[in-house]
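Descriptive analysis of the structure
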Protein chains: 2
Amino acid sequence: MEEIDRAIVAALTGDGRLSYTDLAERVGLSVSAVHQRVRRLEQRGVIKGYAARVSFEALDLPLTAFVAIRPFDPSQPDDAPERLAHLPEIDSCYSVAGEDFYLLLVRVAGPADLERVLQEIRTSANVTTRTTVVLSTPYENRPPKISGELTGRGRPRPSAEPAGSTA
Amino acid sequence: MEEIDRAIVAALTGDGRLSYTDLAERVGLSVSAVHQRVRRLEQRGVIKGYAARVSFEALDLPLTAFVAIRPFDPSQPDDAPERLAHLPEIDSCYSVAGEDFYLLLVRVAGPADLERVLQEIRTSANVTTRTTVVLSTPYENRPPKISGELTGRGRPRPSAEPAGSTA
DNA sequence: TTTGAAATACCCTCACT
DNA sequence: AGTGAGGGTATTTCAAA
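Residues numbered from 1 in each chain as written. Chains lettered and ligands numbered in written order. Predicted model: local features only at pLDDT ≥ 70, side-chain atom pairs only at ≥ 80, totals over all residues. Heavy atoms only, no water.

Re the nonpolar core
Judged by nonpolar contacts, the single largest core of 21 residues is most densely connected at Ile8, Val9, Leu12 and Leu23 of chain A. Excluding residues that lie within four positions of it along the chain, Leu23 of chain A makes contacts with Ile8, Ala11, Leu12, Leu18, Val34 and Val38 of chain A. (Core = buried A, V, L, I, M, F, W, Y, C linked by side-chain atoms within 4.5 Å. Buried < 20%, exposed > 50% of the residue type's maximum accessible area, 1.4 Å probe, protein only. Contact = heavy atoms within 4.5 Å.)

Okay, structure coming up:
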């Protein structure tokens, strides 16, 4: 049962535009059943959405860099993610353990743009930056290995519980 | 002209399953014209594919970490990306400037799995590792700001050239 | 949950502009 | 490049098991 959901999710991470007809063939179920399962996976948040994968080079964003930041004044409230969210050059923002507070993934057109974005990061969030330039990307955003329970969006439940028992 | 392509790519990065009918309405063109433009964007490599965005928590991969690696013996041939590609826990691999050689993005179920993967990384590629655990992810894989030329997959061409002139 | 069928909507090609 | 129309296919809902 769960195995079918996993197969569906695996197939859709590889090709998000697979038709229900194709999916049905792959998992050995009727089109209607697959359709309903996909809808439930979307509702449960297992599938959060669909996106076209684009070439950043083609979009004229050939320079990628990691920017580690830490506050200039650690006593101030730490709201760097919100303060930086308006910068479209920031692809991702991770809160990290270790010496730095956040790790940002930045994509820009070239060194001049990187310099500008670093200045904007520093002034917007009152932080210092330490930047690591990406020279090439052997692979990125690979589809994950899918195994386990595919629960709502937390971890697998330890045991089955009778439907509707919240008492 | 180019503006329409940018609008199409922007829409598709937001929702990769948009129908050509919806796309046509958004960009103010006929369904056929939009269809042809999307096909050309795919052929030129601007759109590399489509994927479902999934919840890593729901897939029982709640722990993310960055693993910086450098070779134990720098004189040996550096083929770490290929040597590590078989590990499904590695989401991305970046070749970086700076003290480290590569930066890996790893997703696992928990600390025990992280330990195992780190050992596999070290033995598979003969490298040392320095790991930064991700505590939370304020945002990730945001759609890029789209502007510019949308060229094949490199930078904008300086000028047009006659079709089919490779001589 | 699954199935099959029926209606709607979409995909995709083609001829013309 | 863009349009509109056509046949073919996919999506979506529904009754039934």
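Thoughts on the pattern of salt bridges
The final tally for this structure, using the stated rule, is 20 salt bridges over all chains. For Asp5 of chain A, the salt bridge is made with Arg37 of chain A, and the minimal N-O distance between the two is 2.9 Å. Residue Asp5 of chain A is located in helix H1 (residues 2-14), and its partner Arg37 of chain A is located in helix H3 (residues 31-43); the two are separated by 32 residues in the primary sequence. Across this residue pair, the class does not change: Asp5 of chain A and Arg37 of chain A are buried. The salt bridge partner of Asp100 of chain B is Arg130 of chain B, with a shortest N-O separation of 2.5 Å. A residue pair is termed long-range when its members are at least 10 positions apart, and Asp100 of chain B in the loop between strand S3 (90-96) and strand S4 (102-108) and Arg130 of chain B in strand S5 (residues 127-139) qualify at 30 residues. Look at Asp100 of chain B and you get buried, because its relative accessible area is 12%. One salt-bridge network, held together by shared partners, links Glu89, Asp113, Arg116 and Glu120 of chain A. (Salt bridge = Lys/Arg side-chain N within 4 Å of Asp/Glu carboxyl O. Helix = DSSP H or I, 4+ residues; strand = E, 2+ residues; numbered from the N terminus.)

Observations concerning the pairing of S3 of chain B
Extensive coverage of S3 of chain B is indicated by the burial of seven of its seven residues. Sheet topology note: the strand S5 (residues 127-139) of chain A/S3 of chain B ladder contains three bridges and is antiparallel. Bridging from a neighbouring strand, Tyr139 of chain A pairs with Cys93 of chain B of S3 of chain B. Hairpin connection of S3 of chain B to S4 of chain B: five residues between the antiparallel strands, including Gly98 of chain B at a positive phi of 115°. (Pairing = 2+ DSSP bridges.)

Here we look at the relation of the copies chain B and chain A
Laying chain B over chain A is done by rotating through 180° and shifting 0.0 Å along the axis; what remains is an RMSD of 0.1 Å. The symmetry that links the two subunits is that of a two-fold axis. Here 100% of the contact residues of chain B are again contact residues in chain A; the copies associate through an equivalent surface. (Least-squares fit on C-alpha atoms with pLDDT ≥ 70 in both.)

Digging into the sheet that holds strand S3 (residues 90-96) of chain A
Taken in spatial order, the eight strands of this closed barrel run S2(A)-S4(A)-S3(A)-S5(B)-S2(B)-S4(B)-S3(B)-S5(A), and their pairing is antiparallel. Shown here is a sheet whose adjacent strand axes are inclined to one another by a mean of 35°, direction ignored. Along the sheet, helix H5 (residues 111-125) of chain A contacts strand S2 (63-71), S3, strand S4 (102-108) and S5 of chain A; its crossing angle with S5 of chain A, the most-contacted strand, is approximately 140°. Contacts from helix H5 (residues 111-125) of chain B reach strand S2 (63-71), S3, S4 and S5 of chain B within the one sheet, and its direction differs from that of S5 of chain B by about 140°. (Axes fitted to C-alpha atoms, helices over the stretch in contact; angles between N-to-C directions.)

Observations concerning the interface of chain B and chain A
Contact with chain B, which involves 64 residues of that partner, is made by 66 residues of chain A. Buried area between chain B and chain A, summed over both chains or domains, comes out near 5800 Å², and the portion from carbon and sulfur atoms is 55%. Inspection of the chain B/chain A interface yields zero salt bridges. Put simply, chain B and chain A have 43 residue pairs in polar contact (both at pLDDT 80 or more) between them. Broken down by secondary-structure element, the contributors of at least two residues to the side of chain B that touches chain A are helix H1 (2-14), strand S1 (47-54), helix H4 (80-84), S3, S4 and S5 of chain B. By residue class, the composition of the side of chain B that touches chain A is 37 nonpolar, 16 polar and eleven charged. Relative to S1 of chain B, strand S1 (residues 47-54) of chain A is paired through seven bridges, and the arrangement is antiparallel. The partner of Arg53 of chain A across the bridge, within S1 of chain B, is Gly49 of chain B. (Buried area = accessible area lost by both parts, 1.4 Å probe. Polar contact = N/O pair within 3.5 Å; in protein donor to acceptor, adjacent residues only side chain to side chain. Nonpolar A, V, L, I, M, F, W, Y, C, P; charged D, E, K, R; others polar.)

What about H5 of chain B?
Residues and elements named next belong to chain B. Over its 15 residues, H5 runs 21 Å from end to end, which matches the ideal 21 Å to within 8%, given 1.5 Å per residue. Here H5 has its buried residues at Leu114, Val117, Leu118, Ile121, Ser124 and Ala125. Buried residues in H5, looked at end-on, bunch into an arc of 140°, giving them a common side. Counted as exposed and oriented over 90 degrees from the buried face of H5: Ala112 and Thr123. Positioned one or two residues after H5, Asn126 has a phi angle of 55°, which is positive. (Expected span 1.5 Å × (residues − 1). Arc of directions from axis to C-beta.)

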